[in-house]
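The lines below spell out each chain.
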Amino acid sequence: MGEALRRREDRRLVTGQGRYVDDLTPEGCLHLEFVRSQFAHGEIVELDLEEARALDGVVAVFTAADLAGLGAAAINLLIPDVRPQPMHVLAAERVEAVGQPVAAIVATSRAIARDAAQLAGLDIEPLSVASGEDRPEVLTPEVLSHDWRSGDADAAFAAADHVVGVTVEHSLLAPMALEPRAALADWREGRLTAWLSTQTPHRARDDLARMLALPLAQVRVIAPDVGGAFGGKASIYPEDVMVAFAARRLGAPVKWCATRSDDLLAATHGRGATTSGELAVAADGTVLGLRAKLAFQLGSWMPFSAVIPARNAGRILPGPYRVEDIDIGAKGYFANRAAVGIYRGAGRPEATMLMERLMDEAARVLSLDPLEFRRRNLIAADAFPYATPTGETLDSGNYQALVDMARHHAGYDALRARQAELRRDGKIFGIGVSLYIEPCGQGWESATASLCRDGTIIAATGSSAQGQGRETAFSQIVADLMRVSPERVTVRHGDTGESPTGIGALASRSTAIGGGAMVRACEGLLEQIRRAGAELLQCGEDEIVPGDAGVSVASDQGRMATWEALAGHLLGPETGDPKEAALCSSVVFHADGEAWASGCCIASVIIDEDTGTPTIDEVVWVDDAGVVLNPMLVRGQLVGGMAQGLGEALMERIVYDEDGQMLTGSLMDYAVPRAADIPPVRIEKIETPSPTNPLGAKGVGEAGCIGIPAAIVNAVGDALSPFGVRGLQMPLTSERIWRAMHDAAGR
Ligand code: SMO
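Quantities reported herein were computed from a predicted structural model and do not represent experimental measurements.

Which residues make up the nonpolar core, and what values go with them?
Core analysis: the largest hydrophobic core is formed by 112 residues, its most contacted members being Leu279, Leu290, Phe373, Ile602 and Trp621. It is helix H17 (residues 703-720) that provides the largest number of residues to this core, a total of 11 residues. The residue makeup of this core includes at least three contributed by each of domain 1 (10-127 + 181-257) and domain 2 (345-441 + 593-738). Apart from residues no more than four positions distant in its own chain, Leu279 is found in contact with Phe157, His162, Val163, Val164, Val287, Gly289, Leu290, Met355, Leu358, Met359 and Ala362. Core analysis: the next-biggest nonpolar cluster, separate from the first, contains 44 residues, Ala473, Ala479, Leu537 and Cys539 among them.

Describe the domain arrangement of the protein chain, and please don't skip the residues or the numbers.
The domain boundaries assigned to the protein chain delineate domain 1 (10-127 + 181-257), domain 2 (345-441 + 593-738) and domain 3 (444-590). Averaged C-alpha coordinates put domain 1 and domain 2 at centres separated by 38 Å. If you look at the interface, domain 1 gives 5 residues, while domain 2 gives 4 residues. Of the roughly 300 Å² buried where domain 1 meets domain 2, counting both sides, 45% is carbon and sulfur surface. Considering only the surface of domain 1 that becomes buried against domain 2, Ala40, Val98 and Phe230 emerge as the three largest contributors, covering 83% of it. In this assembly, domain 1 and domain 2 are joined by 0 salt bridges. Here domain 1 is connected to domain 2 by 1 residue pair in polar contact (both at pLDDT 80 or more). Within the side of domain 1 that touches domain 2, the residues separate by chemical class into 4 nonpolar, 1 polar and no charged.

A description of the side chain of Glu356 should follow, citing residues and the corresponding values.
Inspection of the secondary structure puts Glu356 in helix H9 (residues 348-366). Classification of Glu356 by relative accessible area gives buried; the value is 1%. Polar contacts involving the side chain of Glu356 include one to the side chain of Arg374, which spans 2.7 Å. When neighbours within four sequence positions are excluded, Glu356 is seen to be in contact with Tyr321, Arg374, Val433, Ser434, Leu435, Ala710 and Asn714.

Any chance you could break down the sheet that holds strand S13 (residues 254-257) for me, citing the residues and the numbers?
Strand order in the open sheet formed by 7 strands is S3-S5-S1-S13-S10-S11-S12, with mixed pairing between adjacent strands. At either margin of the open sheet sits one strand with a lone partner, and together these are strand S3 (58-62) and strand S12 (219-222). Going from strand to strand, the sheet's axes swing by 20° on average, the running direction of each strand aside. Where strand S10 (residues 182-188) meets strand S11 (residues 191-196), 6 bridges bridge the pair, whose relative direction is antiparallel. Bridging across to S11, Trp187 finds its partner in Leu192. Helix-sheet contacts for helix H3 (residues 110-118) involve strand S1 (30-36), S3, strand S5 (101-107) and S13, and the interaxial angle to S1 is about 20°.

I'd love a proper account of the packing of H9 against H17, names of residues and values included.
For the pair H9 and H17, the least separation of the axes is 8 Å and the interaxial angle reads 30°. The crossing of H9 and H17 is right-handed. Contact with H9, carried on its side by Arg348, Pro349, Thr352, Met353, Glu356, Arg357 and Asp360, involves Cys705, Ile706, Pro709, Ala710, Val713 and Asn714 of H17 and no other residues of that element.

For the environment of Glu361, give the residues involved together with the corresponding values.
The topology assignment puts Glu361 in helix H9. Judged by relative accessible area, which is 17%, Glu361 ranks as buried. Residues Glu361 and Gln644, spaced 283 residues apart in sequence, show a C-alpha to C-alpha distance of 25 Å. A distance of 3.0 Å separates the side chain of Glu361 from the side chain of Arg364, its partner in a polar contact.

Give me a negative patch on the surface: which residues, what numbers.
On the surface, a cluster of negative charge is made up of Glu46, Asp48, Glu51, Asp123 and Glu125. Elements supplying a minimum of two residues to the negative patch: strand S2 (42-48) and strand S6 (121-126). Mapped onto the secondary structure, Asp48 falls in strand S2. Residue class for Asp48 comes out partly exposed when judged on its relative accessible area of 33%.

Outline helix H15 (residues 563-571), listing residues and values.
Taken together, the buried positions of H15 are Trp563, Leu566, Ala567 and Leu571. Relative to the axis of H15, the buried residues are bounded by an arc of 120° and lie together on one face. Once H15 ends, the next one or two residues include Gly572, with phi positive near 95°.

Go over the packing of aromatic side chains, please, and point to the residues and values.
In this structure the tally under the stated criterion is 4 aromatic pairs. Look at Phe34 and Trp256: their rings are 5.8 Å apart centre to centre, the planes differ by 85°, and that puts the pair in the edge-to-face class. Pair noted here: Phe34 is in strand S1 and Trp256 is in strand S13, with a separation of 222 residues, a long-range link. A relative accessible area of 0% places Trp256 in the buried class. Here the basic side chain of Arg291 rests over the ring of Phe157, its NZ or CZ set 4.0 Å away from the ring centre. Its end group placed over the ring of Phe474, Arg470 keeps NZ or CZ at 5.7 Å from the ring centre.

So, the sheet that holds strand S27 (residues 581-590): which residues are in play, and what are the values?
Taking strand neighbours across the sheet as the criterion, the 4 strands line up as S23-S22-S21-S27 in an open arrangement whose pairing is mixed. A single partner strand is all that each edge strand has here, and the edge strands are strand S23 (489-492) and S27. Direction aside, the axes of adjacent strands within the sheet are offset by 15° on average. With 5 bridges connecting them, strand S21 (residues 444-452) and strand S22 (residues 457-461) associate as antiparallel partners. What sits directly across from Ala447, in S22, is Thr461. With respect to the sheet, helix H13 (residues 470-482) is in contact with S22 and S23, its orientation differing from that of S23 by roughly 135°.

Cut-offs applied
Residues numbered from 1 in each chain as written. Predicted model: local features only at pLDDT ≥ 70, side-chain atom pairs only at ≥ 80, totals over all residues. Heavy atoms only, no water. Core = buried A, V, L, I, M, F, W, Y, C linked by side-chain atoms within 4.5 Å. Buried < 20%, exposed > 50% of the residue type's maximum accessible area, 1.4 Å probe, protein only. Helix = DSSP H or I, 4+ residues; strand = E, 2+ residues; numbered from the N terminus. Domains from an automatic or database assignment. Contact = heavy atoms within 4.5 Å. Buried area = accessible area lost by both parts, 1.4 Å probe. Salt bridge = Lys/Arg side-chain N within 4 Å of Asp/Glu carboxyl O. Polar contact = N/O pair within 3.5 Å; in protein donor to acceptor, adjacent residues only side chain to side chain. Nonpolar A, V, L, I, M, F, W, Y, C, P; charged D, E, K, R; others polar. Pairing = 2+ DSSP bridges. Axes fitted to C-alpha atoms, helices over the stretch in contact; angles between N-to-C directions. Left-handed = near helix turned anticlockwise from the far one by under 90°. Patch = residues over 30% accessible without salt bridge, like charges linked within 9 Å, V, L, I, M, F, W, Y side chains within 5 Å. Areas by Shrake-Rupley, 256 points an atom, 1.4 Å probe, with all protein chains shown as cover. Lys, Arg positive; Asp, Glu negative; His and termini not counted. Charge placed at Lys NZ, Arg CZ, Asp CG, Glu CD. Arc of directions from axis to C-beta. Phe/Tyr/Trp six-rings, centres within 6.5 Å; stacked < 30°, edge-to-face > 60°. Lys NZ or Arg CZ within 6 Å of the ring centre and 35° of its normal.

Below is the structure:
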């Protein structure tokens, strides 16, 4: 542990040996395609599928009438005061978003299914469209409301020397996985097997069983290789359920794979929040109070984690700062659009952006350096565990050290001097700072560690994988604890038929909680190995030493048994399945509270005067992910998150027109960062171990999406401050920046 072990997945994946859902085509596989609504809101007047049904190769057509009696998908109602908007697998009388599935067509080939879908006669009478904004005149029913209050915010604001306010608009974003969504289902001998591109296979199994009214034991969900998810594959979708239903009804394998445009239109979106806040500050630079209103668009139905972004944004809003008196309210609004769910960061980026923009505004009003102003208000390093005013417990951290290290590695004072120099030369250069905290999931995960007949170790986890290198990380844990080489360890995950129950790969929780479970499972297995080894080698249990070859006796290294011999001793001499378990330890690990990662980012940006194009000069970033298991995997996660964070700050945006039609339905119109957009980044770390799990680990998966956008936006704000430009909204495209500079010049 702690070594930059190379990813064992990569040879397979980069040589085209990966197996994603679309690579699986069982004998006799049928293909499903959807007829989708072309209106954002309306009554279905007519749905004529006769022509589609008559097309050669069409096997079946399904409408909502065929699905009567289907159960409901689960929604996680972690906060009260939610009016759940259920998922409809197929629209019945009414459509509520463009792209909503209305009918399903099953054919012998994908091309025929698509052709048949084009032949559907779908007539919709349009109705007025809710746009999900916090304005009653645009028909936006409120479906969620929650408050966090502590101390006396009114008194704090009354006592303040200065009050600053900021409003931030987060565009809707696409959690852009390389592999779009995909589902394949087969029904055999009364059992359903579904291969899904999912980050939560056990949850998907539970949903499919409930919705199709099947016992859990008759449903198996397998996540083969998953090409990214980022929150967008954490909930069951109408398409998944439809594929499973059709497979069962037809008694045949049925497959559906989304196109990129299908996903832009109908996969869950992220962000889409409008936040506004006020900070009360004293003349000496002390933050006294915080007020905020957070408005989240929730789209036309709620995926499992729909309320999580609003909940996360509210509960972490004060960030790493000491603020006792707070009044925070979050609301969620229905809209005739795709569902909005978690997307890498899930409310944390929204909280960080608002708080960090407020901190910059306050520093400006107080004429204090933004880094110095932040430092004065940090929670002290000796104050952990720290009870936040929103009711959370921050387990550990050292925010002063983050700031000091970032200041040092960025050469902050020299950077400010360089800024002054560049400005004298007429250049537009800005420096932006942000601090973030990152809660890394709650609850439990499970693991099973087994010694097999052939002397290998199988480590099965309830956690899942979507490309992060889970097999590498978990084999590293097992190898370290069992004192064997990682090659001896096989990691199993993502198959409800052979891995223990679990929550999945999300919320930056996999290493801390899933890895914590693996540690406990290995400890249990080692105990069994000591007992069995002592019996075989005729010594005390505490004399047994594990090693790559097998177990030996501490006082006499010559006395040893290979792993195979130990397994054979336990299982008996008869030959059997080489993967049969001779010893096995299963645990469900409940984390002792939540682990909180943190970090400090400093970004410098230069803006082209003629075009407004922002170029990030450098990012200097100090992250505290607790004890690091594999620094190379951590760096990959941080840089990947940074790329998506940069996308939010500078270019990404889903656009709907006022009729609810999507204007960004392909990658011709929706901009994602490319390799050339990624700036030079220097990443340093501190390690404050988390006391909540046996590894001392914290999450890293979402940090880049949380901390980086605020640093970039603050850097652009700093660059444009001499122009009197303030409060520019994301994405900070060349055009927006250029217009703001010119509008300011014209005033
Ligand atoms: S947005 Mo993540 O998959 O919790």
